[in-house]
Amino acid sequence: MKYDKIVIAGGTGYLGVLLSKYFLSMTREMVVLCRKIPSDKLPVTYVLWDGKDNGAWTQALENTDLLINLCGKNVNCRYTTANKKQIVESRTRTTHALAQAVLPLAHPPKCWINASSATWYRSAHDRPQSEANGDEGYGFSIEVINAWEQAFFQYDLPHTRQIALRTGIVLGRSDGAFPRMLNLVKCGLGGYQGNGRQMMSWIHEHDLARIADWLGTGNGTGVFNATAPGAVSNRDFMKTLRHAYGISIGLNAPQWLLELGAKLIGTETELLLKSRWVLPERLQQQGFRFHYATAGDAIDDLLSLRC
């Protein structure tokens, strides 16, 4: 076994289940911290917690090789005052709770990977953004990420490597952006969104799990970008997806239509229209090799079990 014990906080959502399944065969013990035991249980140990108060759950962190925190309200919603508050607090509160639980442990986690987002960087069309040379953006999403990472890195945990993983758009089979984009293609609506020139920094779900594993057994600390090196424009991504599925044309969605649709379904157009051009510079410099480095490779793999 590569690990003796892995703990995933917020492990019942899409990414939590993905990582739990990936790591199951690699660890002697897998613990998932959750607010409610899921009906579709995995062969892991579920421990209830409220994400804010100390309790019996804190002992689950003792003698942990890898702690992964994925907690946070889904940002796929309208940015109302109430939703904004929940988005921020659901991230910072759980991060504080975990850190305060780790501090007094006799044998604290060896590595703690805290989720973050590649949307921290500005909307870029001119050049890619790396950890060393990227420019901070502005707006609510960036405020959330700053509060999230500040809550994480403010703690001095000398025996725990701390990594903030700025993840791009996760492409997966069962959930996330990819099934929704594929549905647009199937309905003949698989053209580009907005002007189509916005860049998409994405990551295949399998490579995301591999990155967590690679960092968990490495020696890195600080911020890492979890995006594939092959960022593409929205126009090119949708074209590649249409061709891979066997549909040559798709209607485009101008910005005004996206704005209307976003209001109807309760989300924000930023998720589609912001130009995310982010490079995984630190991962590449330290030797990580992607299985799915191009959009074409990722799409072909994701379609292989769907068509």
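Numbers given to residues run from 1 along each chain, matching the order in which its sequence is written. Confidence filtering applies because this is a predicted model: local features only for residues at pLDDT of at least 70, side-chain atom pairs given and counted only at 80 or more, and all residues used for totals across whole chains, interfaces and linings. In computing side-chain values, all of the structure's heavy atoms are included and hydrogens and water are not.

Participant: Can you lay out the pattern of salt bridges for me, pointing to particular residues and giving the numbers?
Facilitator: Criterion for a salt bridge: a side-chain nitrogen of Lys or Arg within 4 Å of a carboxyl oxygen of Asp or Glu. Inspection of every chain in the model, using the stated rule, returns twelve salt bridges. Salt-bridge contacts for Asp126 lead to Arg122; the nearest nitrogen and oxygen are separated by 3.1 Å. As a salt-bridge pair, Asp207 and Arg210 come within 2.7 Å of each other at their nearest N and O atoms. In this pair, Asp207 and Arg210 are both assigned in helix α5 (residues 205–216), three residues apart and thus about one turn of the helix distant. Assessed through its relative accessible area of 15%, Arg210 is described here as buried. Among the ionic contacts, a cluster of salt bridges with common partners joins Arg122, Asp126, Arg127 and Asp135. Segments assigned H or I by DSSP are reported as helices when at least four residues long, segments assigned E as strands when at least two residues long, and all are numbered from the N terminus. Think of it in three bands: with a 1.4 Å probe and only protein chains considered, a residue is buried below 20% of the maximum accessible area for its type, exposed above 50%, and partly exposed in between.

Participant: An account of the environment of Tyr79 is needed here, citing residue identities and associated values.
Facilitator: Here Tyr79 lies in the loop between β4 (66–69) and α2 (81–102). Non-local contacts of Tyr79, meaning those with residues more than four positions away in its chain, are made with Lys84, Ile87, Phe140, Ser141, Glu268 and Glu270. The contact criterion used is simple: two residues touch if any of their non-hydrogen atoms lie within 4.5 Å.

Participant: Talk me through the packing of α2 against helix α3 (residues 140–153); I want residue IDs and the actual numbers.
Facilitator: A pair of packed helices is captured by two measures, namely the crossing angle of their axes and the spacing between those axes. Fitted lines through C-alpha atoms serve as axes, helices being fitted only where they are in contact, and the angles separating the N-to-C directions of these axes extend from 0 to 180 degrees. Their axes nearest at 8 Å, the elements α2 and α3 cross at an angle of 15°. As far as their axial angle goes, α3 and α2 are roughly parallel. The hand of the α2/α3 crossing is right-handed. Facing Lys84, Ile87, Val88, Arg91, Thr92, Thr95 and His96 of α2, the residues of α3 in contact are Phe140, Val144, Ala147, Trp148, Ala151 and Phe152. When describing relative orientation, an angle under 35 degrees is termed roughly parallel and one over 145 degrees roughly antiparallel, while 65 to 115 degrees is termed roughly perpendicular and anything else oblique. If you view the pair so one helix is near and one far, a crossing is left-handed when the near helix is turned anticlockwise from the far one by less than a right angle, and right-handed when it is turned clockwise.

Participant: Let's hear about α2: which residues, and what values?
Facilitator: Taking 1.5 Å per residue, 22 residues should reach 32 Å; α2 reaches 32 Å between its end C-alpha atoms and fits that length. Fitting axes to the seven residues ending at a residue and to the seven starting there, one defines the bend at that residue as the angle between these axes. The largest bend in α2 comes to about 25°, at Glu89. When α2 is considered as a whole, its buried residues turn out to be Asn83, Ile87, Ser90, Arg91, Thr92, Thr94, Thr95, Ala97, Leu98, Ala99, Ala101 and Val102. On its buried face, α2 sits against β1 (3–9), β2 (27–34), β4, β5 (111–117) and α3. Expected span, for any helix, means 1.5 Å times one less than how many residues it has.

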